[in-house]
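Close look at the chain arrangement
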Amino acid sequence: MRFKTYIVVYASLSGSKVNRKKIYASIAVVIVATITIVILYSYFSQSSRSTYPDHEVPSPLEKNIIYAYRDAITGIDPSIEDDTGIIVLHLVYETLLRYDPIRNEYQYVLAREIDRVDENTWRIVLRDAQFHDGSPVTAYDVNFSIWRSKLMYEEKGLGLGYIWDCLDEIDVVDNKTLYITTLYSCDIRVSLAAAYSAFIYSRRILELSKADDMLSEKLTEWFNSGNSLGSGPYRLERYEPENIVVLRKFENWWGWREINNPDAPDIVIIKIVEDPGSQERMLRTGHIDIASSVPRGSLNSLEKDGYKIHVVDTFHNFIMMFNTKRWPTNITEFRKAIVYAIPWNRIVEQALMGYGRKGSGLIPYGFPGYSKKWELNQDLEKARELLERVRLLDKKIDLEIVITQGYEEEEVFAKMLKEALSTLGINLLIKPLPWQQVKQQGEAVWSDPESAPHIIINDWWPTYMVPYDYFSLLECLEPEEGVYNYWNWAGYCNKEFDELLYEAYYTSLQDIDKSLSLYEKVLEIVFEDTPAVNLWDMQHIYVYDPRHVVIRYEAINPLYTYTIFFQYVEVKL
Amino acid sequence: MLSLNYLLKRFFASLFLILGTIVITFLLINFAPGDPALVWAGKPRGPQASIAIEKAREYLGLDLPLYTRIAIHVYRFFTGDWGTSVQFKLPVLNLVARSFMASLELVVYSFIIAIPIALWLGTTVALRRGSYIDRLVYYISVVFAGSPRFMVAGILYLILYLSGYSFLGLRTSPSYATFRGLTGFITIDSIISGRIDVFVDSLLRLLPPALALSTYPIGVLTRVIRVSLSETFEEEYVRQAISLGIDRKSIVRRYAYPNIISVVAQLIGLMFSYLLLEAMVVENVFVREGLGNLVSRAIVASDFPLLIGATVFTAIVLIITNTLADVIQAITNPRVQI
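Small disclaimer: the values here were computed from a predicted structure and weren't measured. (Residues numbered from 1 in each chain as written. Chains lettered and ligands numbered in written order. Predicted model: local features only at pLDDT ≥ 70, side-chain atom pairs only at ≥ 80, totals over all residues.)

When you go through chain B residue by residue, the secondary structure sums to 15 helices and zero strands. Across its three principal axes, chain B shows a C-alpha extent of roughly 90 × 55 × 40 Å. Out of the 338 residues belonging to chain B, those deemed buried represent 46%. Of the contacts formed within chain B by residues at least 6 apart in sequence, a portion of 71% connects residues at least 24 apart. (Helix = DSSP H or I, 4+ residues; strand = E, 2+ residues; numbered from the N terminus. Buried ≥ 20, exposed ≤ 12 C-beta atoms within 10 Å, placed from the backbone. Contact = placed C-beta atoms within 7 Å.)

On to the overall build of chain A. If you tally the helices and strands in chain A, you get 18 helices and 19 strands. In terms of C-alpha radius of gyration, chain A reaches 27 Å, essentially the compact-globule figure of 25 Å for 573 residues. By principal-axis analysis of the C-alpha atoms, chain A measures approximately 90 × 75 × 55 Å. Burial analysis of chain A (573 residues in total) assigns 50% to the buried set. Long-range contacts, defined here as pairs at least 24 residues apart, represent 69% of the contacts in chain A between residues at least 6 apart. (Rg over C-alpha atoms; globule rule 2.2 N^0.38 Å.)

The next point concerns the UniProt feature "transmembrane region" (unreviewed entry) in chain B. UniProt records the feature "transmembrane region" (unreviewed entry) for residues 12–32, 106–127, 136–160, 256–277 and 304–325 of chain B in the present numbering. The span residues 304–325 of chain B carries 100% helix and 0% strand; its end-to-end C-alpha distance comes to 31 Å. (UniProt positions renumbered as here; feature names shortened; annotations may be inferred.)

Let us look at the packing of helix α13 (residues 248–285) of chain B against helix α14 (residues 291–300) of chain B. Helix-helix packing: each pair is described by the crossing angle between the helix axes and the interaxial distance. Residues and elements named next belong to chain B. At a minimum axis separation of 7 Å, α13 and α14 run at an interaxial angle of 80°. Considering the angle they form, α13 stands roughly perpendicular to α14. Within the contact between the two elements, α13 uses Ala 279, Met 280, Val 281, Glu 283 and Asn 284 and α14 uses Leu 291, Gly 292, Asn 293, Val 295 and Ser 296. The residue inventory of the contact of α13 with α14, partitioned by class, reads five nonpolar, four polar and one charged. (Axes fitted to C-alpha atoms, helices over the stretch in contact; angles between N-to-C directions. Parallel < 35°, antiparallel > 145°, perpendicular 65-115°, else oblique. Nonpolar A, V, L, I, M, F, W, Y, C, P; charged D, E, K, R; others polar.)

Our focus in this paragraph is the packing of helix α5 (residues 92–127) of chain B against α14 of chain B. Residues and elements named next belong to chain B. With their axes 7 Å apart at the nearest point, α5 and α14 run at an angle of 140° to one another. Overall, the two elements α5 and α14 adopt an arrangement that is oblique. For the pair α5 and α14, the contacting residues are Leu 95, Ser 99, Phe 100 and Ser 103 in the first and Leu 291, Gly 292 and Leu 294 in the second.

A few words on the UniProt feature "domain: Solute-binding protein family" (unreviewed entry) in chain A. Mapped onto this numbering, the UniProt entry annotates "domain: Solute-binding protein family" (unreviewed entry) at residues 109–473 of chain A. Here residues 109–473 of chain A runs as 32% helix and 24% strand, with 31 Å between its end C-alpha atoms.

Residue and element names in this part refer to chain A. One open sheet holds the four strands; their spatial order is β4-β5-β7-β6, and the pairing between them is antiparallel. Each of the sheet's edge strands pairs with one partner strand only, and the pair in question is β4 (111–118) and β6 (167–174). Between one strand axis and the next, the sheet turns by 20° as a mean value, whatever way the strands run. Sitting on the sheet, helix α4 (residues 139–156) is in contact with β5 (121–126), β6 and β7 (177–182), with an inclination near 165° to β6. (Pairing = 2+ DSSP bridges.)

Counting all residues, the mean pLDDT for chain B is 83, and 95% of those residues have values of 70 or more. Interface confidence for the predicted complex, expressed as ipTM, amounts to 0.78; the pTM equals 0.85. (pLDDT = per-residue confidence, 0-100.)

A separate point is helix α3 (residues 49–60) of chain B. Here α3 of chain B contains twelve residues, and its C-alpha end-to-end distance of 17 Å stays within 8% of the 16 Å for a straight helix at 1.5 Å per residue. Within the span of α3 of chain B, buried status applies to Ala 49, Ser 50, Ala 52, Ile 53, Ala 56 and Leu 60 of chain B. Taken around the axis of α3 of chain B, the buried residues stretch over an arc of 160°, which confines them to a single face. Where α3 of chain B is buried, its residues touch α4 of chain A together with α2 (36–41) of chain B. Remark: Gly 61 of chain B follows α3 of chain B within two positions and exhibits a positive phi of approximately 65°. (Expected span 1.5 Å × (residues − 1). Arc of directions from axis to C-beta.)

Residues and elements named next belong to chain A. Within the secondary structure, Asp 529 sits in helix α18 (residues 512–529). For the pair Asp 529 and Val 246, spaced 283 residues apart in sequence, the C-alpha to C-alpha distance is 48 Å. Setting aside residues no more than four positions away along its own chain, Asp 529 makes contact with Thr 332 and Asn 494.

We now examine the environment of Tyr 93 of chain A. Mapped onto the elements, Tyr 93 of chain A comes out in the loop between α3 (86–92) and β2 (97–100). In sequence terms Tyr 93 of chain A and Lys 325 of chain A are 232 residues apart; their C-alpha atoms lie 43 Å from each other.

Residues and elements named next belong to chain A. With 90% of its residues at a pLDDT of 70 or more, chain A shows a mean pLDDT of 90. Mean pLDDT values for the elements of chain A range from 44 in helix α1 (residues 3–14) up to 98 in β5. The low-confidence segment residues 1–17, where pLDDT is below 50, has 26 contacts with residues more than four positions distant or belonging to other chains. Scored below 50 in pLDDT, residues 47–54 makes 17 contacts in the model with residues more than four places away or belonging to other chains.

Residues and elements named next belong to chain A. Taking burial as the measure, the six residues of strand β10 (residues 267–272) include six buried ones, the bulk of the element. Burial along β10 is two-sided: the face carrying Ile 267, Ile 269 and Lys 271 and the face carrying Val 268, Ile 270 and Ile 272 are both buried. Two elements, strand β9 (residues 244–249) and β10, share five bridges in a ladder whose sense is antiparallel. Each residue of the ladder has a partner; that of Arg 248, found in β10, is Ile 267.

Residues and elements named next belong to chain A. Along strand β17 (residues 532–544), eleven of the 13 residues are buried, which leaves the element largely enclosed by surrounding structure. As defined by bridge partners, strand β11 (residues 290–291) adjoins β17 across two bridges and the pair is classed as antiparallel. Paired with Ala 291 across the two strands is Val 543, which belongs to β17.

Now for the nonpolar core. A general trend in soluble globular proteins is that nonpolar side chains are found buried together. Grouped together as the largest cluster of nonpolar side chains are 261 residues, with contacts concentrated most on Val 268 and Ala 532 of chain A. The element that contributes the greatest number of residues to this core is α5 of chain B, accounting for 17 residues. Two domains each provide a minimum of three residues to this core, namely domain 2 (64–307 + 545–571) and domain 3 (313–539) of chain A. The residues contacting Ala 532 of chain A, other than those within four sequence positions of it, are Ile 319, Met 320, Met 321, Phe 322, Leu 362, Leu 473, Leu 474, Ala 490 and Val 526 of chain A. (Core = buried A, V, L, I, M, F, W, Y, C linked by C-beta atoms within 7 Å. Domains from an automatic or database assignment.)

For the rest of this paragraph, the subject is the environment of Ile 53 of chain B. Within the secondary structure layout, Ile 53 of chain B lies in helix α3. Along the backbone, Ile 53 of chain B and Ala 37 of chain B are 16 residues apart, and their C-alpha atoms lie at a distance of 5.8 Å.

Bringing helix α9 (residues 276–284) of chain A into the picture now. All names here are of chain A. α9 sits mainly inside the fold: eight of its nine residues count as buried. For α9, the full list of buried residues reads Pro 276, Ser 278, Gln 279, Glu 280, Arg 281, Met 282, Leu 283 and Arg 284. Residues of α9 that are buried in the fold lie against β1 (64–69), β11 and β17. Once α9 finishes, Gly 286 follows within two positions and takes phi at roughly 85°, a positive value.

Here it is in structure tokens:
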């Protein structure tokens, strides 16, 4: 609406005489419209109210902390959420076990004892814990939660319930004891300590959500409307996934007695701030206490200004995948030539500004199956030789790489690769896209390989401590039967690879150590065929003011990506 | 007086526009590249992923003819089923309504700031026509009305940051974060609940973006008030009042202002829609919840149901606002009904 329009409107009106009645009538129209909006809003917002309608008024003495997270929360159904909801779920719910990959040990959470009775049977005894509504955590709830996760995957394809693949039966002996029987010899602890789909919640949710059965969509809607009934150290107070999540300390959590942290925050506010620059601004102005993503170029300056830069190794890695169904990346030698052209030794320094580790094979640093022996170095001579072998040297080939918009490390890397490839006569076209479109482009390898990019970068973090998680990106499944692996953006199909991978997978469910030699063989195939390569392992950087916040060792665990276990965080008033 | 015929005409025209918006947005998104079932299914993994995709295909009715899908879409829309956001897994209507109220509150406050300032400035320069102040205000109002809002918001953010304002009250306090009311207007809800702390907090958080947004109505209204008052001052009855020695302030209040009320009311109605769109930009600069933030996230995530919902909702609001403005205009000036 421009200025001139107003003048025209004015001109048309200025001649008319206005009396009070007309003004009152106009005001009445506006009031009626406003009241209608308010009534409609109240009606539609009713369904998103949380389980706890009577919120306590926070006291000024309560300790609060604001954590800025870079992505919107994608859901909080504990059985089917498979992405960023993890940062909320591990605070509201608990698993039976937690795994510490650094100390290489399982920690008891809701379980008090776990014994292997025989090859296929596990006995689990629960600790005395209670849900946020005060009811006790029972073996019946464990039975309900695990089955729902498993069946939601098997019946509806939702979530990551495949982690319960070996589960056969759960026998509840009493309120605190249960037996898990497996279909085959399998270390169930790996699943019990998974990052996703292993949360325990009250079976009372069926009644609260008015759902008929555990697979009902009503349950998912109930959870995602901001409701929860877990036993974690924090309960959900407000859930607006696009904007803010508020958690309040659950005073009756069993763990407060054990962790000895009187300075744990009473209220945790997770604020969604996507732009790293905004996170830095907000940190400096006191809007937030912990930033999870600030521009790497600002880290030195923040450190100089007294902020603590907390760097943690993660299992979050960035995998470059080649379209094996489109020329020329369908030629193995060509793919290898590109891999040898990557300036490997400069990636961490330049693209990650020192905050990461050089990739090796497909498995990230610290994860079972990781080995430094798969590390590569830039070798342009070898790259030339490989291109010469397939007669593609200096043929002025155009390649397309798709990266995720806003990921500065991917953008820098793509430019480095472009520069290196130009010396081989290859022109790299860099296409940054929003993540969802990156995914669509990757999936296109199955429906229309010619429209899918030659190269694409995917970032990945694990569901549980099984190397299969990373190799599953190259699993073929049965495309001829219409069963596609939508995460295999390489379109790679190799029967030998699949068979060996399944063998390694089932072995790792029984005994990880035994399976490592098999995974090594799988890696050899990957190395030989080069459909994908791990570029780097990400280190996550948390920035905070140490005068106000202390993050204890236990607060961050690389298996539970991006989660901060706030019960181990200290807030100083 | 307002005729029923006119009202019905406006009502059906609005309904037709809304229907058109629903169908067009659906078609545009339908022809977007990529398989909507894959987007709808989220991120399913493993061999069972195909089940999730098949169910998504079923829900979206992708095997049905296009006209049937449009009919289903329109039916669902009018029965309140706007679908579920792919990204947030929440009903689209809830998300859009919540964000809309946040944006609406911002727009309302920007008018609360703008109207008295524009009235004072417009009156001052109307009384000093041709003076330096008149010219200065003219330039300021042109800059205010003409500058892109993201620029104004960015500059204001910088000024506030340098002046230390952000240390006063922009941090999300627990009171603010945990507070929820009935109307969606946090300032009104906090007063109703007797929570003065939340009221002050929310006001401090609202002021900077509202100030940035108010520059547009300040610029436009100041000019219009100045012009309309100047013309009113030339009217015979005002001259008569001056010659009778009535106090200047009284002349302005009693004789001049009533004559410009309808103009200002009309402009506010027209500007409302425009400001709602401008609010989307300002929200992003101040990292504030609202329709702008929601739409930008929906675009990035290819969240088509949310995108359709937010677009149609915004269109409906604009159509309704313009219709209301027309109705008010028809009340105050019956000639427009002809």
